[in-house]
Amino acid sequence: MTTISEAITTIKKAENDADRLIQEAREKSSQLLEDARNRSAELLEKAEREASEKGDEIILEAEERARKEAIEISGKAKREVETMKSAAMGKVPEAASVIVKSIL
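Residues numbered from 1 in each chain as written. Predicted model: local features only at pLDDT ≥ 70, side-chain atom pairs only at ≥ 80, totals over all residues. Heavy atoms only, no water.

With that settled, consider the overall build of the protein. Summing up its helical and strand segments, the protein has two helices and zero strands in all. Compactness check: the protein gives a C-alpha radius of gyration of 44 Å against a globular reference of 13 Å for 104 residues, more than 25% above the reference. When its C-alpha atoms are laid out on the principal axes, the protein stretches across 150 × 15 × 10 Å. Evaluated residue by residue, the protein yields a buried proportion of 0% over its 104 residues. For the protein, the exposed area adds up to about 9,600 Å²; of that, 60% sits on carbon and sulfur atoms. Between the averaged position of the 19 positive side-chain charges in the protein and that of its 23 negative side-chain charges there is a distance of 9 Å. (Helix = DSSP H or I, 4+ residues; strand = E, 2+ residues; numbered from the N terminus. Rg over C-alpha atoms; globule rule 2.2 N^0.38 Å. Buried < 20%, exposed > 50% of the residue type's maximum accessible area, 1.4 Å probe, protein only. Areas by Shrake-Rupley, 256 points an atom, 1.4 Å probe, with all protein chains shown as cover. Lys, Arg positive; Asp, Glu negative; His and termini not counted. Charge placed at Lys NZ, Arg CZ, Asp CG, Glu CD.)

Here it is, written out as structure tokens:
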């Protein structure tokens, strides 16, 4: 009877060991899933942060280009105004002469 008793004990121990291994595997699996979710969340936050920073950089670059272009357009407009003003001032004596002649 000792042999059967030993066999039953060995079987029960094997079953307990198997149950323990299954539980440990489930716990390990759960931990791996949790770790993966956490890492995924971290990577997503990092990607969002980097995208936001890149977006800010692009906006700053666009604003700088727009500022330079506005300065260039403003300078060109001022030069054109000065050219027109000079042309108009050059015609003042002729206009004054026409006015004086029409009055006399």
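All right, on to the UniProt feature "coiled-coil region" (unreviewed entry) in the protein then. Sequence positions flagged by UniProt for "coiled-coil region" (unreviewed entry) are, in local numbering, residues 4–53. A helix fraction of 100% and a strand fraction of 0% characterise residues 4–53, whose end C-alpha atoms lie 72 Å from each other. (UniProt positions renumbered as here; feature names shortened; annotations may be inferred.)

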